[in-house]
Amino acid sequence: MRAVVLREFHAPLELEERAIPEATGDEETVVKVLACGVCHSDLHVAEHYFSSSPVPLVLGHEVAAETSEGERVLVYTPWGCGDCVYCRRGEEMICPSSSEAGMLTDGGYAEYMLVRRRRYLFPIGDLDPVQAAPLGCGGVTPFRAVKHALPWLGKGKAAVVLGAGGLGQFGIQYLRLLSDATVVAGDPSPQKQARALELGAESAAHPDELEGPVDVVLDFVGSEETLATSARLVDRGGLVEVIGLFGGTIPFGLGSVPHEAHFMSSIWGSLGDVGELVELARREDLRYTIETMPLEQANEAHDLLRRGEAKGRIVLIP
Ligand SMILES: [Zn+2]
Ligand SMILES: [Zn+2]
């Protein structure tokens, strides 16, 4: 089979011919990859941001595939050990001994992929695999974040989405679909502000111009600046979630943030989140832009993403 392989960190990916992986035991299975999204984290893996990533490695953790029985599925890729307390409740993405596909184990930049456990396969029915693939990370990550926030978001409540790029745009739509709260978008880019309004945000502005207090802030950037904005905007007793990987921090302690405000991180999604999101995507018309490229152009895809020139999510087709 053809696979695009990271052989060396900080070096271009290489197309190679490999044997199709073989499943052992009852739990493993091999799927035929139909589409694999390119996520910003793929760049991080290639740049050795995650110290435990091995090489050679097949990247790709947004995988839509076909099983040997001919069923089309979305693959859950934040694999955990399978039996710790987190894994037993389906939250494998916070397992302390994780082995995420495409990051620590071979992923979906290939024609076939070995899936460690059959429970990681979610049938997508008549969803287009190209549309479904990005739901595995880019779609489910904001979905989990919005689910965390729902107890804070009844009628008359307000949520701010900081960063109206790809993940933030999913976040705005989930907030509209799952809550009665008013949604406000904060982004320095006038184009992204306009897109946020199209997707149902009530208002959109530069983050510096936003005024609080609001019940929830979802920070899809995660920089020093956006975290400071989050702490400025959140109400007493409210919720700030950081989802963006920019790596910022803020001082935390009594008096440095609004009293009894909750600050938490939200990462990727659980098995339950992926199952629910597939159902939601089949029912609702989620809007996101996809650009497809052949698997062989994975390096070009990474370059576009690195330069910030991708027009939406890039999906590689083997
Ligand atoms: Zn990702
Ligand atoms: Zn575990």
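In this report, the structure presented in the accompanying data block is examined. (Residues numbered from 1 in each chain as written. Chains lettered and ligands numbered in written order. Predicted model: local features only at pLDDT ≥ 70, side-chain atom pairs only at ≥ 80, totals over all residues. Heavy atoms only, no water.)

## Considerations on the packing of helix α4 (residues 140–149) against helix α5 (residues 166–178)
What counts is decided by this rule: Interaxial angles span 0 to 180 degrees and are taken between N-to-C directions of axes, which are lines fitted to C-alpha atoms, for helices over the stretch in contact. Each helix is a run of DSSP H or I of at least 4 residues and each strand a run of E of at least 2, with the numbering of both proceeding from the N terminus. In this scheme, roughly parallel covers angles under 35 degrees and roughly antiparallel covers those over 145, while 65 to 115 is roughly perpendicular and the rest are oblique. Here a crossing is called left-handed whenever its near helix is offset anticlockwise from the far helix by less than a right angle, and right-handed whenever the offset is clockwise. Should any heavy atoms of two residues lie within 4.5 Å, those residues are considered in contact. The classification used treats Ala, Val, Leu, Ile, Met, Phe, Trp, Tyr, Cys and Pro as nonpolar, Asp, Glu, Lys and Arg as charged, and all other residues, Gly among them, as polar.
Interaxial distance between α4 and α5 falls to 8 Å at its minimum, and their mutual angle equals 40 degrees. The angle between the axes of α4 and α5 places the two elements in the oblique class. Seen from above, α4 lies across α5 with right-handed handedness. On α5, the residues that touch Thr141, Pro142, Phe143 and Val146 of α4 are Leu167, Phe170, Gly171, Tyr174, Leu175 and Leu178. For the contact of α4 with α5, the class distribution of residues is eight nonpolar, two polar and no charged.

## Looking at the coordination of the zinc ion (ligand 2)
Condition: Coordinating donors are taken as N, O and S atoms within 2.8 Å of the metal, stretched to 3.2 Å for Na, K and Ca; because water is absent from the atoms, sites can appear incomplete. Only four donors with every angle between 85 and 135 degrees are called tetrahedral; only four or six donors with opposite donors over 155 degrees apart and all others between 65 and 115 are called square planar or octahedral, in that order; all others are irregular. Per-residue accessibility, obtained with a 1.4 Å probe over protein chains only, is compared with the maximum for each type, and a residue is labelled buried under 20%, exposed over 50%, and partly exposed between these values.
Looking at the zinc ion (ligand 2), one finds its protein donor set to be Cys81 (SG), Cys84 (SG), Cys87 (SG) and Cys95 (SG), positioned 2.3 to 2.4 Å from the metal centre. If you look at the zinc ion (ligand 2), its four donor atoms make angles of 104 to 114 degrees with each other, and the shape they trace is tetrahedral. If you list the donors of the zinc ion (ligand 2) from N- to C-terminus, the spacing comes out as C-x2-C-x2-C-x7-C. In terms of burial, cysteine 87 and cysteine 95 fall into one category: buried.

## Considering unusual backbone geometry
Going from valine 55 to proline 56, the amide bond is cis rather than trans, its omega being -5 degrees. Among the structural elements, proline 56 can be located in the loop between α1 (40–46) and β4 (57–58). Residue proline 213 follows glycine 212 across a cis peptide bond; omega there is 0 degrees. Within the element layout of this structure, proline 213 appears in the loop between β11 (203–205) and β12 (214–219). For histidine 48, which is not glycine, the phi dihedral falls at a positive 65 degrees. Following the sequence through the fold, histidine 48 ends up in the loop between α1 and β4. With a phi close to 60 degrees, glutamate 260 is a non-glycine residue in the positive phi region. On the secondary structure map, glutamate 260 appears in the loop between β13 (234–242) and β14 (262–265). Residue classification places glutamate 260 among the exposed residues on the basis of a relative accessible area of 68%.

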